[in-house]
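# Structural overview for review
Spelled out, the chains give:
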Number of protein chains: 4
Amino acid sequence: MKKKLVQTRKIVEHLTTTYESYVSFHEADPLGIVWHGNYIKFFERGREEFGRQNGLDYGGFYENGFATPIVNVNCNYFKSLKYGDYYKVRTSIVKTVTAKIILNYEVYNKEGELMCEGETTQVFVSREGELALYAPSFYIEWQQKVKYSE
Amino acid sequence: MKKKLVQTRKIVEHLTTTYESYVSFHEADPLGIVWHGNYIKFFERGREEFGRQNGLDYGGFYENGFATPIVNVNCNYFKSLKYGDYYKVRTSIVKTVTAKIILNYEVYNKEGELMCEGETTQVFVSREGELALYAPSFYIEWQQKVKYSE
Amino acid sequence: MKKKLVQTRKIVEHLTTTYESYVSFHEADPLGIVWHGNYIKFFERGREEFGRQNGLDYGGFYENGFATPIVNVNCNYFKSLKYGDYYKVRTSIVKTVTAKIILNYEVYNKEGELMCEGETTQVFVSREGELALYAPSFYIEWQQKVKYSE
Amino acid sequence: MKKKLVQTRKIVEHLTTTYESYVSFHEADPLGIVWHGNYIKFFERGREEFGRQNGLDYGGFYENGFATPIVNVNCNYFKSLKYGDYYKVRTSIVKTVTAKIILNYEVYNKEGELMCEGETTQVFVSREGELALYAPSFYIEWQQKVKYSE
């Protein structure tokens, strides 16, 4: 089982965060393993933890006149978590010069094995529904504050 | 296994509606049966079908200045639907003189056996967050239009 | 806002457990608040935490030849959690002499206000699908170990 | 809004199926639109409808000694469905000579606009957990029955 995406990405190492939890009964499917679509929820929990720890506030985007819709989600599955299993989600931000927020997620079990890896891509859209070709200034400021480019 | 609630309720027979579907893989749990909490989603689908067929429009409530939050949900489970099973939800409105919308849901399998039965209670809350002690006039009008009291 | 059920129940105080988390984006509805059916998931997380802390292992039931299906779930809603809100679930076991596991759940926000309160009732069913009229011996042993009756 | 993946894929036209439904309240997020992860559920409903209409039975795989886990899911989002919206999922099977089942999903609104498009890739795994390098014979038989190669 190999790490696919993250090895081909330049991520901002010092911003990577970890979210930990246990698989709940309602997250497992008739095979007793996490239903594949539920990892998208685990990614979202990872993304929210990333936001909390790094001060990236989605509400703040909104107040500044932008939504940040997800335009792509992608996930490669390697192994399966079972009901009751501990897991952790490592969330990393990918370096990009485009007006996008690309986050990479790796889900590990207790033994540190990679269960799946995925990515979400978000863009900036104004209140009028227009796609921003340049990242809004408050996002640039956030990048500077957290030393995104170092 | 017996029909519990609906036999003790006065329902408006001619307004009862039926929603039909199949159990999807992601709705079943490690025992291969519908996870108990997912029946609350089936109830909501029943409630939405009830609204579509009887012209009870929740958006309309909103425009008229009211939200209709659910203040109680209750469900008794008798038998289990499995992945792939056909099911139908019969949704009935309960007669009440209080300022509440009480809906009763019965979920049946293909053989017509009762899987579970539940109820939701909704109240009317103004935009200021105040509980309405009397049903709003547009709800009364809806009741008259559909012959709720006959 | 009043505590309804738990005040009328005899609970085993020293077994009450607490589960803490934050409301995720996918748990909130178009009104920006937790969708009412998702509290059933919060109850399950509370129930699982109760099991982990008090050594009540559902897998163990299975190995001992019993399933413990939920036959009733009930929830009263008082206030609403919003996206991003911290919450905690207090899970208590109710004293009963019947062959049932009755758990009570209270969901609180950061300020300690009661958001909702619910209950689940589980019975013991043998592998042959027969309802147990007496609690199985391994459950009685668990009750003794945790001083359920004191 | 552009069709991305399906234009670069060779699909088996006469096997494409359609699943239709309405967006339920619990599928919409605080922005009032379908939460992005819920489209993975819509894909599964499309996949199940594809199976029902084309006689591709996942239970049958199991009886024949194989599981068909999803190893990749991918989705591109173009526009948003709102609460109450009608939608349909067009599910197509992609032509491949590898031992994989690749399905393509397109979600359309009532006006026929493309909301999102995605793909799932499934492999064949034996009961011993070994990846099959060649498609199992019963899958080849299914392909012949439905004229997959024509």
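Heads up: these notes are all about the structure in this document. (Residues numbered from 1 in each chain as written. Chains lettered and ligands numbered in written order. Predicted model: local features only at pLDDT ≥ 70, side-chain atom pairs only at ≥ 80, totals over all residues. Heavy atoms only, no water.)

### Considerations on the relation of the copies chain C and chain B
One copy of the chain maps onto the other through a rotation about an axis plus a displacement along that axis. Here is the rule: Residues reaching a pLDDT of at least 70 in both copies supply the C-alpha atoms on which the copies are superposed by least squares. The contact definition used throughout considers only heavy atoms, calling two residues in contact when any of these lie within 4.5 Å.
By a simple turn and slide, chain C fits onto chain B: the slide is 0.0 Å along the axis, the RMSD is 0.0 Å, and the turn is 180 degrees. Such a turn and shift between the copies fits a two-fold axis. Among all residues of chain C, the one whose C-alpha sits closest to the rotation axis is Asn 74 of chain C, at a distance of 2.2 Å. In this assembly, 100% of the residues forming the interface of chain C have copies in chain B that are likewise at the interface, indicating an isologous arrangement.

### Quick notes on the pairing of strand 6 (residues 114–123) of chain D
All names here are of chain D. The cut-off we apply is this: Relative accessibility decides the category of a residue: with a 1.4 Å probe and only protein chains considered, values under 20% of the type maximum give buried, values over 50% give exposed, and everything between is partly exposed. Comment: elements are numbered from the N terminus, with helices defined as DSSP H or I runs of at least four residues and strands as E runs of at least two. Any two strands between which DSSP finds at least two bridges are classified as paired.
Most of strand 6 sits out of view: ten of its ten residues are buried. Of the pairings in the sheet, the one linking strand 3 (residues 70–77) to strand 6 comprises seven bridges and is antiparallel in character. In the strand pairing of strand 6, Asn 72 is matched with Thr 121. Sheet topology note: the strand 5 (residues 100–109)/strand 6 ladder contains nine bridges and is antiparallel. Residue pairing for strand 6: Ile 102 is matched across the bridge by Thr 121. Turn length for the strand 5-strand 6 hairpin, with the two strands adjacent in sequence and antiparallel, is four residues, and the turn residue Gly 112 shows positive phi of about 80 degrees.

### A word on the relation of the copies chain D and chain A
Once turned by 180 degrees and shifted 0.0 Å along the axis, chain D lies on chain A with an RMSD of 0.0 Å. Of the interface residues in chain D, 100% have counterparts in chain A that sit at the interface too, so the contact is made through matching surfaces.

### Digging into the packing of aromatic side chains
How we decide: Here a pair means two rings of Phe, Tyr or Trp (six-membered ring of Trp) with centres within 6.5 Å. Their orientation is stacked below 30 degrees between planes, edge-to-face above 60, and tilted elsewhere.
Enumeration according to the criterion identifies 40 aromatic pairs over all chains in this entry. Between Phe 43 of chain B and Tyr 105 of chain B, the ring centres sit 4.6 Å apart and the planes meet at 5 degrees, which makes this aromatic pair stacked. With a gap of 62 residues between them, Phe 43 of chain B in helix 1 (residues 39–54) and Tyr 105 of chain B in strand 5 (residues 100–109) connect regions that are remote in the sequence. Grouping residues by exposure puts Phe 43 of chain B and Tyr 105 of chain B together as buried. Relative to Phe 42 of chain D, the ring of Tyr 39 of chain D lies with its centre 5.4 Å away and its plane at 75 degrees, an arrangement referred to as edge-to-face. Placement of the pair is Tyr 39 of chain D and Phe 42 of chain D together in helix 1 (residues 38–54), with a separation of three residues, close to one helical turn. Residue classification places Tyr 39 of chain D among the buried residues on the basis of a relative accessible area of 2%. By relative accessible area, Phe 42 of chain D is classed as buried at 1%.

### Quick notes on the interface of chain C and chain B
What counts is decided by this rule: When two parts are put together, the accessible area they lose, computed with a 1.4 Å probe and summed over both, is reported as buried area. Each reported salt bridge corresponds to a side-chain nitrogen of Lys or Arg within 4 Å of a carboxyl oxygen of Asp or Glu. Residues adjacent in sequence count toward polar contacts only when both atoms are side-chain atoms; beyond that, a polar contact is any pair of N or O atoms within 3.5 Å, and within protein one must be able to donate a hydrogen and the other to accept it. Residue classes follow a fixed rule: Ala, Val, Leu, Ile, Met, Phe, Trp, Tyr, Cys and Pro count as nonpolar, while Asp, Glu, Lys and Arg count as charged, and any other residue, Gly among them, counts as polar.
Taken together, the contact between chain C and chain B spans 17 residues of the former and 17 residues of the latter. When the two sides are added together, the surface that chain C and chain B hide from each other amounts to roughly 1,600 Å², 57% of it contributed by carbon and sulfur. Ranking the residues of chain C by area buried against chain B places Trp 35, His 36 and Tyr 77 of chain C at the top, with a combined share of 30%. On the surface where chain C and chain B come into contact, there are zero salt bridges. The interface formed by chain C and chain B holds twelve residue pairs in polar contact (both at pLDDT 80 or more) in total. Listed by contribution, the elements that provide at least two residues to the side of chain C that touches chain B are helix 1 (39–54) and strand 3 (70–77) of chain C. With eight residues, strand 3 of chain C is the largest single contributor of residues to the side of chain C that touches chain B. For the side of chain C that touches chain B, a count of residues per class yields nine nonpolar, five polar and three charged.

### Structural notes on helix 3 (residues 137–145) of chain B
Residue and element names in this part refer to chain B. This is how the line gets drawn: Picture the helix axis, draw a direction to every C-beta atom, and the arc is the one those directions span.
Buried within helix 3 we find Phe 138, Tyr 139, Trp 142 and Gln 143. Mapping the buried residues of helix 3 onto a view down its axis gives an arc of 150 degrees, with all of them on the same face. In helix 3, those exposed residues whose orientation departs by more than 90 degrees from the buried face are Ser 137, Gln 144 and Lys 145. The elements touched by buried residues of helix 3 are helix 1, helix 2 (58–63), strand 2 (66–67), strand 4 (86–93) and strand 5. After helix 3 finishes, the residue Lys 147 shows a positive phi value of roughly 55 degrees.

### A few points about the pairing of strand 5 of chain B
Residues and elements named next belong to chain B. The buried fraction of strand 5 amounts to nine of the ten residues, a majority that puts the element mostly inside the structure. Bridge analysis of strand 4 against strand 5 gives seven bridges, and the strand direction is antiparallel. In the strand pairing of strand 5, Arg 90 is matched with Glu 106. Here strand 4 hands over to strand 5 after six residues, the two strands then running antiparallel side by side.

### Overview of unusual backbone geometry
Residues and elements named next belong to chain A. Phi at Lys 147 is positive, roughly 55 degrees, even though this residue is not glycine. Tracing the chain through its elements places Lys 147 in the segment after helix 3 (137–145). Here Lys 147 falls in the partly exposed class, since its relative accessible area comes to 45%.

### Some words on the pattern of salt bridges
Two side chains carrying opposite charge are able to pair once their charged atoms lie near each other. All names here are of chain B. Counted under the stated rule, the structure contains 24 salt bridges over all chains. Here Arg 52 and Glu 49 are joined by a salt bridge, their closest N and O atoms 2.9 Å apart. Placement of the pair is Arg 52 and Glu 49 together in helix 1, with a separation of three residues, close to one helical turn. A residue is classified by how much of its surface remains accessible, and Glu 49, at 15% relative accessible area, is buried.

### Things to note about the interface of chain D and chain A
At the interface, 17 residues of chain D touch 17 residues of chain A. Between chain D and chain A the total buried area reaches about 1,600 Å² when both faces are included, carbon and sulfur atoms providing 56% of it. Our count for the chain D to chain A interface comes out at twelve residue pairs in polar contact (both at pLDDT 80 or more). Top contributing element to the side of chain D that touches chain A by residue count: strand 3 of chain D, with eight residues. Its residues placed into classes, the side of chain D that touches chain A shows nine nonpolar, five polar and three charged. Bridge count between strand 3 (residues 70–77) of chain A and strand 3 of chain D: five bridges; the pairing is antiparallel. Bridge pairing links Asn 76 of chain A to Asn 72 of chain D in strand 3 of chain D.

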